[in-house]
Amino acid sequence: MKKRIESVLSQSDAVAEKWLHLHAYTLFVMVAAACVLELAGGYLLNAIEGFVNSSLQRYLIKYIAIPITTNLLLALVAFWGLHSRRVSQRYKGYVVSLAMTGVCAVIYTIHNIFPALLLIFAVNIILTGNYGDYFLSSVVAVLCCLTPLIANFFIVWDSAQPYVLSSPAEIINRILGEVLLAGSYLTSLTTIRYERKRILAALDAKREQQRMQDRLLQDELTGLRNRAAFNQAMARLCEKGSGVLVMMDLDHFKQLNDTRGHLQGDRCLRLVAEVLRQEVGARAAFRYGGDEFCLVLEDWSPELAMNVCRRIQYQLEQVDDFFPLRVQASFGLAACRPGTDTLQLVRQADSALYGAKVRRSDIYLFQN
């Protein structure tokens, strides 16, 4: 179940990483386009006599050198954040988003006579929504809303330009722009909300699927894994070619059932199952059928397997719930070698178990 949930989360992380790269590429394209447009605009404006209201040198500094240098530095910061191993996946989104906010601020501050440029802030806000981080989207939204206000009221990049809020129409345009940015923020929050719901729904579906699968692979009486799960584990064991199969059979169990009844027999089986879970874990212990159990010990040596069988044997012998009868067990072990198939390994362990039962409550390792 844990692996399936991790699979869903890793898929979500992979999508988020792809979105991060898309966001970064959008930033790089915006910076490149701004550089080209600034250079092309400067050339055209200077080619038209009388259109530029300032000296060429001043124009080159204010409209070419400063914005292009600043945007390139912000693009380098984003590139560093995107590829740095020191920055976690979450904070890479912060670096790229804030760098793009800075690029938007530079472009709008210099060319705030064009209200349509507010759209670049809206794009940036919406792009942050796919990271699923309310705080990041809120920070970016606040910066994107404040920047146009500051640029309009407090920054005059070119004194020769008319005041951008000189008419009621301009004021209405700027107000509508802020409304647009607020709407973009709400869109971002909605995206985050439904993206989180989608991930939670996928996790719930995986959990339910795993629960159903576990029920199909679980023995109802003991809670151990059943014969179907045993077959799957054996296939993995033989594929690896390393480990030990232990077949375990309770001694005198029929006598317990005959003298104490089947309810006490069921209680004994549950008690044995609990001892096995404690010793080898729930995923390695199986009820094979009746009073037979199996342990599939991947990557275990025969020596370690025999030691755990002795511990199990000791734990069972301490049980006095069914006095004067004792809970005892015999163990047959078979070591898995490369090339051993499932049927062959089961036959070897069963043969070893027969030898152990002949000796009564013994532990026997199959010898090739």
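Before reading on, note that the structure itself is shown above.
All values reported here derive from a predicted model rather than from experimental measurement. In every chain, residue numbers begin from 1 and rise along the written sequence. Local features in a predicted model are, by the rule used here, given only for residues with pLDDT of at least 70; side-chain atom pairs are given and counted only at 80 or more, and totals for whole chains, interfaces and linings are based on all residues. Derived side-chain values reflect all non-hydrogen atoms in the structure, with water molecules and hydrogen atoms excluded from consideration.

Novice: Whenever I open this one, unusual backbone geometry confuses me. Can you help?
Specialist: Backbone geometry follows two general trends: most residues other than glycine have a negative phi, and most peptide bonds adopt the trans configuration. With a phi close to 65°, histidine 252 is a non-glycine residue in the positive phi region. Tracing the backbone through its elements, the reader meets histidine 252 in the loop between strand E1 (243-251) and helix H8 (253-260). Owing to a relative accessible area of 38%, histidine 252 belongs among the partly exposed residues under this scheme. Helix and strand assignments follow DSSP, with helices taken as H or I runs no shorter than four residues and strands as E runs no shorter than two, numbered in order from the N terminus. Whether a residue is buried, partly exposed or exposed follows from its accessible area with a 1.4 Å probe, protein chains only, as a fraction of its type maximum: under 20%, in between, or over 50%, in that order.

Novice: What exactly am I supposed to notice about helix H4 (residues 118-128) here?
Specialist: Two residues of an α-helix separated by three or four positions point the same way, owing to the 3.6 residues in each turn. Buried residues dominate H4, accounting for eight of its 11 residues. Leu118, Ile120, Phe121, Ala122, Asn124, Ile125, Leu127 and Thr128 are the residues of H4 that are buried.

Novice: Would you mind showing me how to read the sheet that holds strand E2 (residues 285-289) here?
Specialist: Either a parallel or an antiparallel arrangement is found when strands of a sheet pair, and the pairing is made through backbone hydrogen bonds. Pairing is mixed in the open sheet, where five strands are placed in the order E2-E3-E1-E4-E5. One side of each edge strand has no neighbouring strand; the edge strands of this open sheet are E2 and strand E5 (363-365). Shown here is a sheet whose adjacent strand axes are inclined to one another by a mean of 20°, direction ignored. Bridge count for E1 against strand E4 (residues 328-336) is nine bridges, and the pairing is antiparallel. Within E4, the residue paired with leucine 250 across the bridge is alanine 329. In what follows, a contact means two residues having at least one pair of non-hydrogen atoms within 4.5 Å. In this analysis, axes come from line fits to C-alpha atoms, helices being fitted only over the stretch in contact, and the angle between any two N-to-C directions falls in the range 0 to 180 degrees. Along the sheet, helix H10 (residues 302-317) contacts E1, strand E3 (292-298), E4 and E5; its crossing angle with E4, the most-contacted strand, is approximately 170°. Taken strand by strand, helix H11 (residues 342-359) contacts E1, E2, E4 and E5, and its axis lies near 145° from that of E4. Two strands qualify as a pair provided that DSSP identifies no fewer than 2 bridges between them.

Novice: Quick question: what am I supposed to make of empty space enclosed by the protein here?
Specialist: Any empty space left between the atoms is revealed when a probe the size of a water molecule rolls over them. Only protein atoms enter the 1 Å grid, on which a cavity is a set of points fitting a 1.4 Å probe that cannot get out and a pocket is an open set with protein on both sides within 12 Å along at least 5 of 7 lines, lining residues being those with an atom within 4 Å of a point. Grid points are joined across faces, edges and corners, and a volume is the space filled by probe spheres set on the points. Counted under the stated rule, the structure contains two cavities of 30 Å³ or more. Here the largest cavity is characterised by a volume of approximately 70 Å³. Taken together, Leu250, Asp251, His252, Phe253, Leu256, Cys268, Phe322, Leu325, Arg326, Val327 and Gln328 make up the full set of residues lining the largest cavity. Elements with a contribution of two residues or more to the lining of the largest cavity: E1 and H8. When the residues that make up the lining of the largest cavity are grouped by side-chain class, the tally is seven nonpolar, two polar and two charged. Charged residues are taken to be Asp, Glu, Lys and Arg, nonpolar residues to be Ala, Val, Leu, Ile, Met, Phe, Trp, Tyr, Cys and Pro, and polar residues to be all remaining types, Gly included.

Novice: So what exactly am I meant to see when it comes to the nonpolar core here?
Specialist: Residues grouped as a nonpolar core are buried Ala, Val, Leu, Ile, Met, Phe, Trp, Tyr and Cys residues, joined through side-chain atoms within 4.5 Å. Membership of the largest hydrophobic core comes to 38 residues, with the highest contact counts inside it found for Leu27, Met30, Val103 and Phe121. By residue number, the principal contributor to this core is helix H3 (residues 89-110), which donates 10 residues. Listed in part, the 35 residues of the second largest apolar core include Val275, Leu316, Leu325 and Phe331.

Novice: Just to check I follow, could you spell out the pattern of salt bridges for this structure?
Specialist: Pairs may arise between side chains of opposite charge once their charged atoms sit close together. The salt bridge criterion pairs a side-chain nitrogen of Lys or Arg with a carboxyl oxygen of Asp or Glu, the two atoms within 4 Å. Evaluation of the coordinates by the stated rule reveals 12 salt bridges. Arginine 236 serves as the salt-bridge partner of glutamate 298, at 3.6 Å between the closest nitrogen and oxygen. Here glutamate 298, found in strand E3, pairs with arginine 236, found in helix H7 (residues 227-240); they are 62 residues apart in sequence, far enough to count as distant. With a relative accessible area of 34%, arginine 236 lands in the partly exposed category. Residues arginine 277 and glutamate 274 are paired through a salt bridge, measuring 3.1 Å at the closest nitrogen-oxygen approach. Of this pair, arginine 277 and glutamate 274 both sit in helix H9 (residues 262-280), separated by three residues, roughly a single helical turn. When its relative accessible area of 36% is taken as the criterion, glutamate 274 is described as partly exposed. Members of the salt-bridge network, linked through shared partners, are Arg236, Lys240, Glu298 and Asp299.

Novice: Before we go on, may I ask you to explain H7 in this structure?
Specialist: Helix span is expected to be 1.5 Å times the residue number reduced by one. The end-to-end C-alpha distance of H7, which contains 14 residues, comes to 20 Å, matching closely the 20 Å that a straight helix rising 1.5 Å per residue would cover. The complete set of buried residues in H7 reads Ala229, Phe230, Ala233, Met234, Leu237 and Cys238. Buried residues of H7, seen end-on, are gathered within an arc of 165° and therefore sit on one face of the element. Contacts from the buried residues of H7 go to E1, E2, E3, E4 and H11. Here a polar contact means two N or O atoms within 3.5 Å. Within protein one must be a hydrogen donor candidate and the other an acceptor candidate, and residues neighboring in sequence count only if both atoms are side-chain atoms. The N-terminus of H7 is capped by asparagine 226, whose side-chain oxygen sits 3.2 Å from the backbone nitrogen of alanine 228. Two residues or fewer after H7 comes glycine 241, characterised by a positive phi angle close to 75°. What the arc measures is the spread of directions leading from the helix axis to the C-beta atoms.

Novice: What is the right way to read the packing of aromatic side chains from this model?
Specialist: Working definition: an aromatic ring pair is given by the centre-to-centre distance plus the angle between the planes. By convention, a stacked pair of Phe, Tyr or Trp rings (six-membered ring in the case of Trp) has centres within 6.5 Å and planes under 30 degrees apart, an edge-to-face pair has planes over 60 apart, and any other such pair is tilted. All told, the structure shown has seven aromatic pairs when counted by the stated rule. On the numbers, 5.3 Å between centres and 45° between planes, the contact of tyrosine 91 with tyrosine 94 is tilted. Taken together, the positions of tyrosine 91 and tyrosine 94, both in helix H3 and three residues apart, correspond to about one turn of that helix. Using a relative accessible area of 43% as the deciding quantity, one classes tyrosine 91 as partly exposed.

Novice: What is the right way to read the pairing of E4 from this model?
Specialist: Remember that side chains alternate between the two faces of the sheet whenever the strand is regular. Among the nine residues in E4, eight count as buried, and that is most of the element. Examined bridge by bridge, E4 and E5 share three bridges and lie parallel to one another. Residue pairing across strands places glycine 332 opposite tyrosine 364, the latter belonging to E5. Read from E4 through H11 to E5, the crossover connection turns out left-handed. Classification remark: right-handed applies to a crossover when, strands pointing away from the viewer, the course from the first strand over the helix to the second runs clockwise.

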